[in-house]
Structure formats: C-alpha cells, structure tokens
Amino acid sequence: MGVTCVCQVPVSEGKSVQQTVDTLHKKLEQLGAVKQGNFWVDCETYHATGNATGQPSKLLYVMHNSETPLSCMALFEGGPGLSADANFDVLMVKLKSHFQNAKGHKVESRGCRYRYCDFLVKIGTVAMSSSARGISVEVEYCACVIPGDCWNLMKEFMQSFLGSNTPELPTVFTSKPEGLSVPVDCMDTMSQYLELFSRVRKQQVLPGSGVR
Amino acid sequence: MEAPPVSVMPVTGGAINMMEYLLQGSVLDQSLESLLHRLRGLCDNMEPESFADHELVYLLKGQQGNPFLLRARRSLLHPPAPWHLRYLGQPEVGDKSRLALVRNCVDVSASHSLPEVLNEMGFRMDHEFVAKGQMFRKGAMKVVVSKLSRVLVPGNTENTEPLSLSYLVELSVLAPAGQDTVSEDMRSFAEQLKPLVHLEKIDPKRLM
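Residues numbered from 1 in each chain as written. Chains lettered and ligands numbered in written order. Predicted model: local features only at pLDDT ≥ 70, side-chain atom pairs only at ≥ 80, totals over all residues. Heavy atoms only, no water.

**Digging into the side chain of R113 of chain A**
Residue and element names in this part refer to chain A.
Right, so step 1: Tracing the sequence through the fold places R113 in strand β7 (residues 107-116).
Right, so step 2: For R113, a relative accessible area of 1% puts it in the buried group.
Right, so step 3: Among the polar contacts made by the side chain of R113, one reaches the side chain of E67 at a distance of 2.7 Å. (Helix = DSSP H or I, 4+ residues; strand = E, 2+ residues; numbered from the N terminus. Buried < 20%, exposed > 50% of the residue type's maximum accessible area, 1.4 Å probe, protein only. Polar contact = N/O pair within 3.5 Å; in protein donor to acceptor, adjacent residues only side chain to side chain.)

So, in structure tokens, the structure goes:
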C-alpha cells in the first residue's frame, strides 16, 4: 500500500451525485485509466453506555476497507486508533451491553476502482441510510510510502482530473510530530475517511439525492 | 494491484462461535524435566516452542453485572509481533461438558496501540503478569507449560518474581461449538500424563 489522499468532491451545479461521479469516471478513462473492480469503505458508530458522570460519552468508530478485507479498524476521533483482525467485530457483539451500535449512523462509500500506472483512484458515493450524501475520491500512489517524497507528484496527478477540487496536503500527515518523512499506514487512510464521513454526516441532505 | 475480492465478507455478528475446552494442573519445579520429557515423547514430532509473554488483564466496569474482562498479551521474545486480545465467556454448564471446562472464546490480533485504545474505551488494567514456558501440540490439542511471575513495578517486565514454586500446565483445544468428542480426546491424553501431572477441570468461580 502507498500514500493515500482522501478528499470530498462537491456535486456539480445542476447535476445529481450519479452524474458527477460519471463525469469523473469519463475524465479518468480519457486519461487512460483502466477500471479494476469495486471498493467499499464503511464506518459504524458505537457509543459507550453506562456513563455515570453525565458527560457525553466518547464515540468509537469501527471501520472496514475492502482493500484490507481481513482487517477491522477501531478509531476515536482525534484519538488513538487500532487495527485488528476481523474478529474485532465479533468482540463488539460481545460488548453490546457496554457499547451500543448507533445503526442509523452507519456511513459507507462504494464505487469503482481505477488504475493508472502506479496510481489507484477510487471514486465513491458516500451514503447514509441508503441516501447518497456526497462523493469521495481516494488517490493512492502505490510506489511510495513517504508522503513528503511524493506529495507534489500526487497533487499534479489529481489536478489533471479534479481541477480546482484538488485538496491540500491532508492534515493527518502534517499533524504528525515526526513530520512528512514517516511511512504511512492504514490508519492514516482510515482517519481521512473518518474526517470525510463526519463532515458528510453534519451536512444537510442533498436535494434530489433520493434512494440509491 | 488487483482489487481484493469484494464478495469475501469478514466474519461478523458471531457467525462463528469458537469454544475453548480446558483442563489444568500443575507440577512442582523439580518435576518439570520429567513432564517435559514425556510431552516430547507423546506430542507431535517437533521441537517445543518456547515463549515469554507479558499479559495485562483489563476490566470494564458497567452499570450492572460483572465487569467485562479482556486479556491482552504480547510476546517479549518477538516485540514486533501483534498483540493478542482474548475474551473468555462464562463456563458452560451441563452434562456434555463435564470432562473439560468449556467457554466461549474470541481471539483478536491487534496492533501495538491496543493498551491506549482499551484505556480510551474505558477499560482499566487490573493486573499484569509474565508467563514463560513451552508449548507442545498434538493434533488440535495444545499443551502449555508455563511459569507465572508477578510484575513488581507496573510496566517493567525485567523485574519479576515467580508466583509459586510450580509450573502451570494447561491442555486446551479451540473448536467450534457443538463438538462433543473433543473433551473425550482431551481426557484420554490427560490419562497418559498421569501420574506426572493431574489435569482436571477447574471451575474459576470456585476460586473466587
């Protein structure tokens, strides 16, 4: 796995989510990218029950990524994260009296996976309770694991199909105390998706997004 | 770079319920060599695996009922290896399990941020210990002979003190629920270890 950058692309004026996604697919195909299967990333929210102090309890996010089908990631927003094997989901079922699954808060991004030389581009429709809420774009440069070494190249590549929607260097890399020369891991990707999903959850429902 | 098969769904929602069948006993330090000698003869033909693990026991106190217990274990011999998190349920009661202790078991491999995340979830470390010993295998059965030591300064695994003058011997099998022949196979293997060690079903509740 390489350095990943996850960003949200706004829906084009006067177009639907699906139409904007189709436009992005066309741009990638024109560049010469080849479709290579599908992907999904999902995020479930758990909140701790039995909080005696009356303070709002911390939220635990349990995420899965189709790129790592046998793993499960557990994160706290702005806090520590854990990557574990798929049995962690079974453990959360055992913990159900202490951690409740807020089923209505499940967010997932599903879509196509494109490969362009050493880049992997995943365009996903972000949905919550079966209604499309936005578009996620993940660009992975598989040949490098150090963000500082390849960010300029990634940015240039993203500009060729995202144009003005190209994001800045993700804060998950800039906020690391050791800086940009530290190798990435899967938690960096999942933290970016978590940020995007949290933003999407707070947004209002898009007009005309309907049921997928 | 090919897409992993999306149709392969990870195990979720308790679809596979693994049970741990357990028999326990102990031997005094001076009898250890004879036991190891017999185990080397009886078990599958391989050098027994030595291990040195540091186990931390975490408790989550809920509003009602017993606290939820999780065991987090890491290897002192292979520091980069992932942590091993284990949940053990209440022992099953019933005639079927009269030969061995049967408990629901969930094993999770986790990254090194496990203690931080458990603390953030509300778990608090209750106690920790170091276990050093050897592991033997016979088919699906696992025999672990270990020396348990108390950690004198929290977090410092160099400075330990043995808990007793004996070694703990555990015979266990991990199998899906409903396999009745497992405890019989375990009992016949345990017979072969007598009189060096007497393995029996020890109900943890009786010790509290």
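Back to the text.
**Some thoughts on the pattern of salt bridges**
Should their charged atoms come close, side chains of opposite charge can pair.
Right, so step 1: The final tally for this structure, using the stated rule, is 18 salt bridges over all chains.
Right, so step 2: When the shortest N-O distance is used, the salt bridge between K147 of chain B and D29 of chain B registers 3.0 Å. Placement of K147 of chain B in strand β7 (residues 141-151) and of D29 of chain B in the loop between β1 (18-28) and α1 (32-42) is noted, with a sequence separation of 118 residues between them.
Right, so step 3: In this structure K147 of chain B comes out as buried when scored by relative accessible area, which is 12%.
Right, so step 4: Here E55 of chain B makes a salt bridge to R73 of chain B, at a shortest N to O gap of 2.6 Å. Taken together, the residues span a long stretch of sequence, with E55 of chain B in strand β2 (residues 49-60) and R73 of chain B in strand β3 (residues 68-75) at a distance of 18 residues.
Right, so step 5: A relative accessible area of 5% places E55 of chain B in the buried class.
Right, so step 6: Residue class for R73 of chain B comes out partly exposed when judged on its relative accessible area of 24%.
Right, so step 7: Salt bridges linked by common partners bring E67, R113, K122, E138 and E140 of chain A together as one network. (Salt bridge = Lys/Arg side-chain N within 4 Å of Asp/Glu carboxyl O.)

**Some remarks on the environment of S12 of chain A**
Right, so step 1: With respect to the helices and strands, the residue S12 of chain A is situated in the loop between β1 (3-9) and α1 (17-31).
Right, so step 2: We classify S12 of chain A as partly exposed; its relative accessible area is 30%.

**A closer look at the pairing of strand β9 (residues 166-176) of chain B**
Residues and elements named next belong to chain B.
Right, so step 1: Sheet topology places β1 next to β9; 11 bridges connect them, and they run antiparallel. Opposite Q24, over in β9, you have E170 as the bridge partner.
Right, so step 2: Here β7 runs beside β9; their pairing, made up of 5 bridges, is antiparallel. The residue of β9 that forms the bridge with K142 is S172. (Pairing = 2+ DSSP bridges.)

**A few points about the packing of α1 of chain A against helix α3 (residues 147-162) of chain A**
All names here are of chain A.
Right, so step 1: Axis separation between α1 and α3 bottoms out at 9 Å; the angle between their running directions is 120 degrees. Comparing their axes, α3 and α1 come out oblique. Here α1 contributes L24, K27, L28 and L31 to the contact with α3, which in turn contributes F157, S160, F161 and L162.
Right, so step 2: Here the residues of the contact of α1 with α3 are counted per class, giving 6 nonpolar, 1 polar and 1 charged. (Axes fitted to C-alpha atoms, helices over the stretch in contact; angles between N-to-C directions. Parallel < 35°, antiparallel > 145°, perpendicular 65-115°, else oblique. Contact = heavy atoms within 4.5 Å. Nonpolar A, V, L, I, M, F, W, Y, C, P; charged D, E, K, R; others polar.)

**Observations regarding the interface of chain B and chain A**
Right, so step 1: With 35 residues of chain B at the contact, the number on the chain A side is 35 residues.
Right, so step 2: Here chain B meets chain A over a buried area of about 3,000 Å², counting both sides, of which 71% is carbon and sulfur.
Right, so step 3: Where chain B packs against chain A, one counts 1 salt bridge.
Right, so step 4: Measuring nitrogen to oxygen at the nearest pair gives 3.4 Å for the salt bridge that ties E120 of chain B to K58 of chain A.
Right, so step 5: Counting residues per element, the ones that place at least two in the side of chain B that touches chain A are β3, β4 (83-91), β5 (101-110) and α2 (114-121) of chain B.
Right, so step 6: Here the residues of the side of chain B that touches chain A sort into 20 nonpolar, 10 polar and 5 charged. (Buried area = accessible area lost by both parts, 1.4 Å probe.)

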